[in-house]
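# Report on the structure
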Amino acid sequence: MPMVMRFEEAWEKLVRERVDTTSDLVTLTKSDIESVTGNELRLMTKVDFYSELPAALRRHGYFILPVKNGEYVLVRENGYHVLEKLPDET
């Protein structure tokens, strides 16, 4: 298994080696992610906010969604929503 990489560097390498950036939907498995990056799946796929989205995914317009245990998809779309401000209480 390769040496563990920093998050951003790992995503750059993963996109370069395993993602067909012409596709709107890309499936990645645990094996794909861990074999290329050396990082644990849970650390690579925890992206709760747009600000945490790796630059490699932002650049190609992807966000990541879990499909089932050990399988994820990159979807070309904006998967994050900024909440509207609630009206002041009366």
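This section reports on the structure supplied with the text. Counting restarts for each chain: residues are numbered from 1 in the order of the written sequence. Residue-level local features of this predicted model are given only where pLDDT is at least 70; pairs of side-chain atoms are given and counted only at 80 or more, and the full residue set underlies all totals for whole chains, interfaces and linings. Here the side-chain values reflect all heavy atoms present in the structure, with hydrogen atoms and water set aside.

## Section: helix α2 (residues 30-37)
Note the following rule: Burial classification: accessible surface area is computed with a 1.4 Å probe over protein chains only, and a residue below 20% of its type maximum counts as buried, one above 50% as exposed, and the rest as partly exposed. Under the scheme used here, helices are H or I runs from DSSP no shorter than 4 residues and strands are E runs no shorter than 2 residues, and both carry numbers assigned from the N terminus. Residues count as neighbours in contact if any of their non-hydrogen atoms are within 4.5 Å of one another.
Of the residues making up α2, those classed as buried are Asp 32, Ile 33, Glu 34, Val 36 and Thr 37. Elements in contact with the buried residues of α2: α1 (7-18), β1 (25-29) and α3 (41-45). Following α2 by one or two positions, Gly 38 has its phi on the positive side, about 80°.

## Some points on the sheet that holds strand β3 (residues 71-76)
Quick reminder of the rule: Two strands are counted as paired when DSSP detects at least two bridges linking them. Here an axis means a line fitted to C-alpha atoms, over the contact stretch when the element is a helix, while the angle between two N-to-C directions is reported on a 0 to 180 degree scale.
Spatially, β1-β3-β2 is the arrangement adopted by the 3 strands of the open sheet, whose pairing is antiparallel. Sheet topology places β1 and β2 (62-68) at the edges, where each strand pairs with a single neighbour. Shown here is a sheet whose adjacent strand axes are inclined to one another by a mean of 25°, direction ignored. Taken together, the 6 bridges between β2 and β3 define a ladder with antiparallel strand orientation. Bridge assignment links Tyr 62 to a residue of β3, and that residue is Arg 76. The sheet strands contacting α1 are β1, β2 and β3, and the helix crosses β1 at an angle near 110°.

## Brief notes about the packing of aromatic side chains
Convention followed: Stacked, tilted and edge-to-face are the three classes applied to pairs of Phe, Tyr and Trp rings, where Trp contributes its six-membered ring and a pair requires centres within 6.5 Å; stacked means planes under 30 degrees apart, edge-to-face means over 60, and tilted covers the rest.
If you walk through the whole model with that rule in mind, you get 2 aromatic pairs. The interplanar angle of 75° and the centroid separation of 6.1 Å between the aromatic rings of Tyr 50 and Tyr 80 together place this pair among those described as edge-to-face. Of the two residues, Tyr 50 is situated in the loop between α3 and α4 (55-60) and Tyr 80 in the segment after β3; the sequence distance between them amounts to 30 residues. For Tyr 80, a relative accessible area of 19% translates into the label buried. Measuring from centroid to centroid gives 6.3 Å for Phe 63 and Tyr 80, while their planes differ by 70°, and the two rings are edge-to-face. Of this pair, Phe 63 sits in strand β2 while Tyr 80 sits in the segment after β3, and the two are 17 residues apart along the sequence.

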